[in-house]
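Architecture at a glance
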Amino acid sequence: MKIVVNEQEHNVSATTLAALIDELGYGGARVATALNGDFVPVTRRKDALLKDGVKIEIVAPMQGG
């Protein structure tokens, strides 16, 4: 299925947001996620179903000063 992650098109096999995070290599990272502009907390990622054409944002916190 084709989806857009951080404004880049990806062809993925994941069907949930949790599976997508693993598929893209974010597995153990602490990230914030949004599905079509709506924030999705960690506890709801396994229930957030993906469909062709959805837009996902994955943001990792930055450290430093």
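The preceding data block contains the structure.
As the structure is a prediction and not an experimental result, all values here were calculated from the model. (Residues numbered from 1 in each chain as written. Predicted model: local features only at pLDDT ≥ 70, side-chain atom pairs only at ≥ 80, totals over all residues. Heavy atoms only, no water.)

Attention now moves to the side chain of Thr-33. Mapping Thr-33 onto the fold places it in strand E3 (residues 32-35). A distance of 2.8 Å separates a polar atom in the side chain of Thr-33 from the backbone oxygen of Val-40. Polar side-chain contacts of Thr-33 include one of 3.1 Å to the side chain of Arg-45. Those residues in contact with Thr-33 that lie beyond four places of it in its chain are Leu-17, Ile-21, Asp-38, Phe-39, Val-40, Arg-45, Glu-57 and Ile-58. (Helix = DSSP H or I, 4+ residues; strand = E, 2+ residues; numbered from the N terminus. Polar contact = N/O pair within 3.5 Å; in protein donor to acceptor, adjacent residues only side chain to side chain. Contact = heavy atoms within 4.5 Å.)

Counting residues in hydrophobic clusters, the biggest one holds 15 residues, and the most contacted among them are Ile-3, Leu-17, Leu-20, Leu-35, Leu-50 and Ile-56. Here this core takes three residues from helix H1 (residues 17-23), the largest share from any one element. If we ignore the near neighbours within four places in the chain, the residues touching Ile-3 are Gln-8, Glu-9, His-10, Val-12, Leu-20, Lys-51, Gly-53, Val-54 and Ile-56. (Core = buried A, V, L, I, M, F, W, Y, C linked by side-chain atoms within 4.5 Å. Buried < 20%, exposed > 50% of the residue type's maximum accessible area, 1.4 Å probe, protein only.)

With mixed pairing, five strands are arranged side by side in an open sheet as E2-E1-E5-E3-E4. Two strands close off the open sheet at either side, each with one partner strand: strand E2 (8-11) and strand E4 (38-40). The sheet shows a mean angle of 35 degrees between the axes of neighbouring strands, direction not considered. Examined bridge by bridge, strand E1 (residues 2-5) and E2 share four bridges and lie antiparallel to one another. Of the residues in E2, the one forming a bridge with Val-4 is Glu-9. (Pairing = 2+ DSSP bridges. Axes fitted to C-alpha atoms, helices over the stretch in contact; angles between N-to-C directions.)

With respect to the element layout, Phe-39 can be found in strand E4. For the pair Phe-39 and Ala-29, spaced 10 residues apart in the sequence, the C-alpha separation amounts to 17 Å. Those residues in contact with Phe-39 that lie beyond four places of it in its chain are Thr-33 and Ala-34.

Attention now moves to the side chain of Thr-16. With respect to the element layout, Thr-16 can be found in the loop between E2 and H1. The exposure class assigned to Thr-16 is buried, which follows from its relative accessible area of 14%. Polar side-chain contacts of Thr-16 include one of 3.1 Å to the backbone nitrogen of Ala-19. What Thr-16 contacts, discounting residues up to four positions off in sequence, is Arg-45, Lys-46, Ala-48, Leu-49 and Leu-50.

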